Amino acid sequence: MDKIRLTGGRALHGKIRISGAKNATLPLLAACLLSDKPLTLTNVPRLSDVETFEALLAHLGVEVHQDSARGITRLCAKEILSHEAPYDHVRKMRASVLVLGPLLARCGEVRLSLPGGCAIGARPIDVHLKGLEALGAQIHLEEGYVVAKAPQGLVGGEYTFPIVSVTGTENIIMAACLAKGTTVLKGAAQEPEVTDLIHCLKAMGACIEGEGTSTLTIYGPTNFVEATHAVLPDRIETGTYAMAVGMVGGSVELTHTSLSLLPTVVPLLEAVGLVFEETQDGFKVSYDGHGLKALDLTTSVYPGFPTDLQAQYMALMTLAKGECHIQETIFENRFMHVPELARLGANISVKGNTAHVRGVPHLIGAPVMATDLRASVCLVLAGLAAEGETVISRVYHLDRGYEEIENKLSACGVSIERLVEGNDHASSQFVSQAQSANNR
Ligand code: EPZ
């Protein structure tokens, strides 16, 4: 398993091109299953989760053509060859659950391996299943699989989400596009990635009202047409690199993104001490290194502070002047970065779903281990500031959601290298790619 080695203490100066959002790309890929017409996606990030999802689609019979260098994926589900999402696909990535709604709507039956939990929580899919039942699906569980049937097709209905679920909302929106009649969803997730999916479905011919609100109306069934859609910029990657500047100071321009994607995050980071300046296709973020203010945080659904930036914010607060409380309200086990941060000298105590962070004057580099996608990038941020060398193992977690992170950071002056398993020397190839990552 690869590792990443970085030496901390250097301010960041340069430009970073933000990639398309992983959490927009995955539902957009699933949407192709609804239609027998081609769907072309642009601004597709090169991530292992995207490759895993594309492999699942190919297993189901979708024609998948990737032009990775240009970030373009061409898809066509002319015919579906299998109705089964097997365990060895789904266990790699729980977002595979996103094939459930479109496959059921298109084919009338699906066998989906239960995704199982993951490092950050049990992550059930009961909300997805109840939503499909509201559209007339018959669902039962057998031998670790969800078996969903709608032999006469799905029928439009009403469903109020018992809790806000991002992929749950996306699954039911897609299923409703092929249901006969009108579907009204209440308590729907309002994340930008849900809105991006709705924009893509409308380009494909769907009739959907209410995007950006918690009440959606979908008029089915849809006569789908060929479509092209550009993947939304990644707001979590954007917030991550903004906080990277807060860790070590400097000034970085983030391109192909927008301040508007972070309505709660930016005001909080400004109050902490970062400075933001809007540019034509993104923004500049700067920090003079004269002291971060410790401010409390409670994660919540959009437009609140995203849980996917909680670990990164905690890294920032380890160096703030004072102490603060960080409350995680979305997932039940999303503090696994705490013991790893403590190895770097952070002073954090956890009680229930709240972490109490006391700022320290500096962090000290050490070997640490990534445990999940966002916890791993939190350790990169901490390593940027830590004195000396930090080596992060199990970086396959990082590769799931951050396109060429070492290239993007090295282009801003960071001493960072990937140690390929088996030979602990730096893979020199990536330095030349540093420009490509930021110039595409
Ligand atoms: C999406 O996961 C994202 N993944 C997550 O990003 C993100 O953290 C999460 O939304 C919250 O914003 C993708 O979009 C692919 P939920 P999702 O359903 O849809 C509970 C990352 O790091 N719940 O909104 O799976 C659930 O356990 C990943 O990029 C049920 O109880 O999250 C959680 O406590 C991590 N029953 C809460 O709801 C259900 O049927 C929110 O989960 C579904 C969810």
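Computed from a predicted structure; not experimentally measured. (Residues numbered from 1 in each chain as written. Predicted model: local features only at pLDDT ≥ 70, side-chain atom pairs only at ≥ 80, totals over all residues. Heavy atoms only, no water.)

Novice: So what exactly am I meant to see when it comes to the pairing of strand S7 (residues 109–113) here?
Specialist: If a strand is regular, its side chains alternate between the two faces of the sheet. Note: strand S6 (residues 84–85) against S7, two bridges, orientation parallel. If you follow Ala-85 over to S7, its bridge partner there is Leu-112. Pairing geometry for S7 and strand S9 (residues 145–149), over five bridges, is antiparallel. Bridging across to S9, Glu-109 finds its partner in Lys-149. (Pairing = 2+ DSSP bridges. Helix = DSSP H or I, 4+ residues; strand = E, 2+ residues; numbered from the N terminus.)

Novice: Looking at this structure, how should I read the sheet that holds strand S8 (residues 138–142)?
Specialist: Working definition: the strands of a sheet are paired by backbone hydrogen bonds and lie parallel or antiparallel to each other. Spatially, the four strands line up as an open sheet ordered S6-S7-S9-S8, and their pairing is mixed. The sheet is open, and its two borders are formed by S6 and S8, each paired with just one other strand. Note: S8 against S9, five bridges, orientation antiparallel. Opposite Glu-142, over in S9, you have Tyr-145 as the bridge partner.

Novice: Please clarify how the domain arrangement of the protein chain should be interpreted in this entry.
Specialist: Bring the parts together and some accessible area is lost; that lost area is often taken as the interface size. Split into domains, the protein chain comes out as domain 1 (3–19 + 233–438) and domain 2 (22–230). Between the C-alpha centres of domain 1 and domain 2 there is a distance of 30 Å. On the domain 2 side, the residues contacting the 24 residues of domain 1 number 19 residues. Counting the surface domain 1 buries against domain 2, the share from its top three residues, Tyr-302, Arg-400 and Glu-403, is 32%. (Domains from an automatic or database assignment. Contact = heavy atoms within 4.5 Å. Buried area = accessible area lost by both parts, 1.4 Å probe.)

Novice: Sorry, what's going on with the packing of helix H1 (residues 22–31) against helix H7 (residues 192–203) here?
Specialist: When two helices pack together, their arrangement is captured by the angle between the axes and the distance separating the axes. Put simply, H1 and H7 touch, their axes get as near as 9 Å, and they point 30° apart. Between H1 and H7, the interaxial angle falls into the category roughly parallel. Seen from above, H1 lies across H7 with right-handed handedness. Along its contact with H1, which presents Asn-23, Ala-24, Pro-27, Leu-28 and Ala-31, the element H7 presents Glu-193, Asp-196, Leu-197, Cys-200 and Leu-201. Of the residues that constitute the contact of H1 with H7, the class distribution is seven nonpolar, one polar and two charged. (Axes fitted to C-alpha atoms, helices over the stretch in contact; angles between N-to-C directions. Parallel < 35°, antiparallel > 145°, perpendicular 65-115°, else oblique. Left-handed = near helix turned anticlockwise from the far one by under 90°. Nonpolar A, V, L, I, M, F, W, Y, C, P; charged D, E, K, R; others polar.)

Novice: I'm lost on the site of the ligand in this one. Help?
Specialist: If you check the shell around the ligand, you find 23 residues, and the closest are Ser-165, Thr-167, Asp-308, Ile-330 and Arg-374. Between the ligand and Val-166 there is a distance of 2.9 Å, counted from an oxygen atom to a backbone nitrogen or oxygen. In the complex, 87% of the free accessible area of the ligand, which totals 830 Å², lies under the protein chains. Those elements that provide at least two residues to the shell around the ligand are H1, helix H5 (126–133), helix H6 (166–177) and helix H12 (373–385). For the shell around the ligand, the element with the highest residue contribution is H5, accounting for three residues. Here the shell around the ligand is built from residues that sort into 11 nonpolar, five polar and seven charged. Both domain 1 (3–19 + 233–438) and domain 2 (22–230) contribute no fewer than three residues apiece to the shell around the ligand. (Near = heavy atom within 4 Å. Polar contact = N/O pair within 3.5 Å; in protein donor to acceptor, adjacent residues only side chain to side chain. Areas by Shrake-Rupley, 256 points an atom, 1.4 Å probe, with all protein chains shown as cover.)

Novice: Which parts of the structure should I look at to understand the pattern of salt bridges?
Specialist: As a working rule, side chains carrying opposite charge can pair if their charged atoms are close by. Applying the stated criterion across every chain yields a total of 17 salt bridges. Asp-49 serves as the salt-bridge partner of Lys-22, at 3.8 Å between the closest nitrogen and oxygen. In this pair, Lys-22 is assigned in helix H1 and Asp-49 in helix H2 (residues 48–60), connecting sequence segments 27 residues apart. In this structure Lys-22 comes out as buried when scored by relative accessible area, which is 7%. Here Lys-202 ties to Glu-211 by a salt bridge, and the two come within 3.1 Å at their closest N and O atoms. Judged by relative accessible area, which is 25%, Glu-211 ranks as partly exposed. (Salt bridge = Lys/Arg side-chain N within 4 Å of Asp/Glu carboxyl O. Buried < 20%, exposed > 50% of the residue type's maximum accessible area, 1.4 Å probe, protein only.)

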